[in-house]
Amino acid sequence: MKVLFIASECVPFIKTGGLADVIGSLPKELRKLGIDARVILPKYKAIPNHYREKMVHLTHFNLQLGWRNLYCGIEHLEEDGVPFYFIDNQNYFYRESIYGYGDSFDEAERFTFFSQAVLESLPYLQFQPEILHLNDWQTALIPLFLKTHYVNHDDYMKIRTIFTIHNLKYQGIFQQDILKDLLDIDPSDPEFSVDGIEYYGRVNFMKAGLNYANLITTVSETYAKEIQYPFFGEGLDGLLRNRNQDLYGIINGIDVERFPRQQSKQENKVKLQEMLRLPTDPHIPMISLISRLVSQKGIDLVVHVLDEILQQNLQFVVLGTGEQKYEQIFLEASNRYPKKLSVHITFDEPFSHMIYAASDLFLMPSLFEPCGLSQLIALHYGAIPIVRETGGLKDTVQSFNEYNGEGNGFSFTHYNAHDMLYTIKRALSIYHQPPLWNKIKENIKASDFTWKKSAEEYVSLYQLVLQR
Ligand code: ADP
């Protein structure tokens, strides 16, 4: 079975969030199950040089995007046993940051180009995928293009598509002027309707994936249910309810090989305390928060009771970037609590591993969370998660029950800062009761956060989609 993953980020080449972790690990796991899984990405400037130097130029051609005639190179490299392809176009991908061009025409143009380039590159890959596995809005146009541009191509008509929602909040919504100019679709065409890509007079890329892909998946069972309701549906819950027969939730795993275990928790903690100039004390509970600092991640709850948290006997380490208002609140508080709060406004993967490995507790009170990988990484490093019961957090963290000894973390239900604070205090109290604390650690050791089971579920879905 041949599956081509199409995505806008992937470790170890380029990462802004959990999507990159998934694309960097699921194909590898599928290959262990005998699937010929490969990956195609944009060739960004930010991909480290030692990878760029290893890339082999396969071919290049010119691609017509509306009136534009564009260079499209295809490069290839194998990493960790997985074949990767890269779409090269300097104008679109040699920039300082990989996203962040907002809802501009230019942002739409870049990922329309990418989607079209992927389809046009298929004859040159010496690999004929039976399934295109698409991820998030940047790749969502592909099933639409298959329908509008390739109906007379037998090779393309055989291809099946699976569209995975990693985060429904980011949909790729653009002004109508892209319709004719980039997508070659008229406002009167059926594709530009509520049942197509039209969204309140604008163009919604995500809707192309949701309406035209053969199957839809998202990254946890709970999120698959939640997004069928208006609160989580980001305006697309009706469409998702209509397609719920084709909508599946499969939880992400982590590639544990990428997260080498370190020394004992206490040794890691002391090392980090020294490095961050926090008082060294192996016994004080250390809580960490490693996250994009955006409202999705429940940062409002944390800043609302930050003083109360810091009045507890603990140390709190924050690593993240995001909205300036949050960055500033954390930095300001770290001036007031220099012995308790250490704040780092940067994106630094190796540093994040040190923090996971050093902390006793990991805070992740998300407003919504499609899957969440951070809590899995935390569990792997024995940092016990404190989460809100939503999406993948609900599916991976069971609140510890001190009466029957079950559970691998702490959780609360309502999006409420004092419920979170209460849960933090409960976690701290259990931290000081070693028999209970050790029981949680044992439960964590016995659980499995690898890809194995989820990869098998994807294989079943691939079989299903090929039968259609
Ligand atoms: P999302 O994809 O919504 O940001 P996930 O929990 O799925 O959330 O994945 C986040 C990933 O990014 C995790 O691997 C986490 O460790 C990492 N991460 C988040 N912020 C930082 C940061 N500032 N520095 C390093 N890694 C980070």
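The residue count restarts for each chain, going from 1 along the sequence in the order it is written. The predicted origin of the model limits local features to residues at a pLDDT of at least 70 and limits the giving and counting of side-chain atom pairs to 80 or more, whereas totals for whole chains, interfaces and linings rest on all residues.

Caption draft 1: The arrangement of the sheet that holds strand β1 (residues 2–6) in detail. Taking strand neighbours across the sheet as the criterion, the nine strands line up as β3-β4-β5-β2-β1-β6-β7-β11-β12 in an open arrangement whose pairing is mixed. Strand pairing shows two members of the sheet lacking a second neighbour, β3 (56–65) and β12 (247–249), which therefore form its edges. Each strand axis lies, on average, 25 degrees off the axis of its neighbour in the sheet, ignoring direction. Paired strands, as defined in this entry, are two strands with at least two bridges between them according to DSSP. Helix and strand definitions here come from DSSP, where helices need a minimum of 4 consecutive H or I residues and strands a minimum of 2 consecutive E residues; each element is numbered from the N-terminal end. As paired strands, β1 and strand β2 (residues 36–42) are joined by five bridges and run parallel to one another. Working convention: axes come from line fits to C-alpha atoms, limited for helices to the stretch in contact. Angles between N-to-C directions cover 0 to 180 degrees.

Caption draft 2: Representation of the confidence of the model for the chain within the structure. On a scale of 0 to 100, pLDDT captures the predictor's confidence in every residue. Of the residues in the chain, 100% reach a pLDDT of 70 or more, and the chain-wide mean stands at 96. Interface confidence for the predicted complex, expressed as ipTM, amounts to 0.99; the pTM equals 0.95.

Caption draft 3: Here's a closer look at the domain arrangement of the chain. Each domain's extent was defined by an automatic or database domain assignment. You can read the domains of the chain as domain 1 (2–254 + 452–467) and domain 2 (256–445). We call two residues in contact when their backbone-placed C-beta atoms lie within 7 Å. Across the boundary between the two partners, domain 1 contributes 18 residues, which contact 16 residues of domain 2. When residues of the side of domain 1 that touches domain 2 are traced back to their parent elements, those giving at least two are α1 (18–23) and α10 (221–226). Here the element with the most residues in the side of domain 1 that touches domain 2 is α10; it accounts for four residues. In terms of residue class, the side of domain 1 that touches domain 2 is made up of six nonpolar, eight polar and four charged. Each residue gets one label: Ala, Val, Leu, Ile, Met, Phe, Trp, Tyr, Cys and Pro are nonpolar, Asp, Glu, Lys and Arg are charged, and the others, such as Gly, are polar.

Caption draft 4: Expanded view of the sheet that holds strand β10 (residues 202–204). On the basis of which strands lie adjacent, the open sheet formed by three strands has the order β8-β10-β9 and antiparallel pairing. The sheet terminates laterally at β8 (173–174) and β9 (198–199), the two strands that pair on one side only. By the bridge criterion, two bridges tie β8 to β10 in an arrangement that is antiparallel. Bridged to Phe 174 within β10 is Val 203.

Caption draft 5: Quick look at the site of the ligand. To decide nearness, the C-beta atom of each residue is placed from the backbone, and the residue is near a molecule or strand if that atom lies within 6 Å of it. For the ligand, the set of nearby residues contains 18 residues, the closest of which are Gly 17, Gly 18, Ser 352, Leu 373 and Ser 374. For the shell around the ligand, the secondary structure elements donating two or more residues are α1, β13 (286–293), β14 (315–322), α17 (349–358) and α18 (374–380). Grouping the constituent residues of the shell around the ligand by class yields six nonpolar, eight polar and four charged.

Caption draft 6: Quick peek at the environment of Val 397. Looking at the element boundaries, Val 397 is found in the loop between α19 (391–396) and β18 (410–412). Considering only alpha carbons, one finds Val 397 and Gln 90, 307 residues apart in sequence, at a separation of 43 Å. Aside from chain neighbours lying at most four places away, what touches Val 397 is Gln 375, Pro 385, Val 387, Asn 408, Gly 409 and Ser 411.

Caption draft 7: Structural detail: the packing of helix α13 (residues 265–276) against α17. Packing of α13 against α17 leaves a shortest axis separation of 8 Å and a crossing angle of 125 degrees. When the axis of α13 is compared with that of α17, the two are oblique. Along this stretch, α13 crosses α17, giving a crossing that reads as left-handed. Between α13 and α17, the contacting residues are Asn 268, Lys 269 and Leu 272 on the first element and Met 354, Ile 355, Ala 357 and Ala 358 on the second. Geometric relationships in this document are graded by angle, where less than 35 degrees denotes roughly parallel, more than 145 denotes roughly antiparallel, 65 to 115 denotes roughly perpendicular, and other angles denote oblique. Note on convention: near helix rotated counterclockwise from far helix by under a right angle means a left-handed crossing. Clockwise means right-handed.

Caption draft 8: Structural context of the nonpolar core. Ile 6, Ile 23, Val 39 and Ile 142 are the most contacted members of the largest nonpolar core, which totals 133 residues. Element by element, the count of residues in this core is highest for helix α5 (residues 105–121), at seven residues. Each of domain 1 (2–254 + 452–467) and domain 2 (256–445) contributes no fewer than three residues to this core. Once residues lying within four places of it in the same chain are set aside, the contact partners of Ile 142 are Ile 6, Ser 115, Val 118, Leu 119, Leu 132, Leu 134 and Thr 161. Think of a nonpolar core as buried Ala, Val, Leu, Ile, Met, Phe, Trp, Tyr and Cys residues, each tied to the set through C-beta atoms within 7 Å. With C-beta atoms placed from the backbone, a residue counts as buried when 20 or more other C-beta atoms lie within 10 Å of its own, as exposed when 12 or fewer do, and as partly exposed for counts between those limits.

Caption draft 9: Spatial organisation of the environment of Arg 388. Inspection of the secondary structure assignment puts Arg 388 in strand β17 (residues 384–388). Arg 388 sits 218 residues away from Tyr 170 along the chain, and the two C-alpha atoms are 21 Å apart.

Caption draft 10: A look at the UniProt feature "binding site: ADP-alpha-D-glucose" (unreviewed entry) in the chain. UniProt positions are given in the numbering used here, feature names are shortened, and annotations may be inferred rather than shown by experiment. Taking the UniProt record as the reference, the feature "binding site: ADP-alpha-D-glucose" (unreviewed entry) is found at Lys 15. Secondary-structure assignment places Lys 15 in the loop between β1 and α1. Here Lys 15 is in contact with Glu 9 and Ala 20, once residues within four sequence places are set aside.

Caption draft 11: A look at the pairing of β2. Counting buried positions along β2 yields six of seven residues, so the element is predominantly enclosed. Two strands pair when backbone bridges link them, and β2 and strand β5 (residues 82–88) are joined in this way by four bridges, in the parallel orientation. By the bridge assignment for β5, Ile 40 is matched with Tyr 85.

Caption draft 12: Layout of α5. The span expected for a helix works out to 1.5 Å for each residue beyond the first. Taking 1.5 Å of rise per residue, the 17 residues of α5 would be expected to cover 24 Å, and the 24 Å separating its terminal C-alpha atoms lies within 8% of that figure. Taken across its 17 residues, α5 has 13 buried, putting it largely inside the fold.

Caption draft 13: Spatial organisation of the pairing of β14. With six of eight residues buried, β14 lies mostly within the body of the structure. As paired elements, β13 and β14 share eight bridges and run parallel to each other. Within β14, the position partnered with Ser 291 by the bridge is Gly 320. Across four bridges, β14 lies against strand β15 (residues 341–344) in parallel orientation. Each residue of the ladder has a partner; that of Val 317, found in β15, is Ser 342. Traced from β14 through helix α16 (residues 324–336) to β15, the parallel crossover comes out right-handed. With the strands aimed away from the viewer, a crossover counts as right-handed if its path from the first strand over the helix to the second runs clockwise.

Caption draft 14: Region of interest: unusual backbone geometry. A cis amide bond links Val 11 with the next residue in sequence, Pro 12, at an omega value of 5 degrees. Among the structural elements, Pro 12 can be located in the loop between β1 and α1. For Asp 184, which is not a glycine, the phi torsion comes out positive at approximately 60 degrees. Inspection of the secondary structure assignment puts Asp 184 in the loop between α8 (178–183) and β9. A tally of 16 C-beta atoms within 10 Å means that Asp 184 is categorised as partly exposed.

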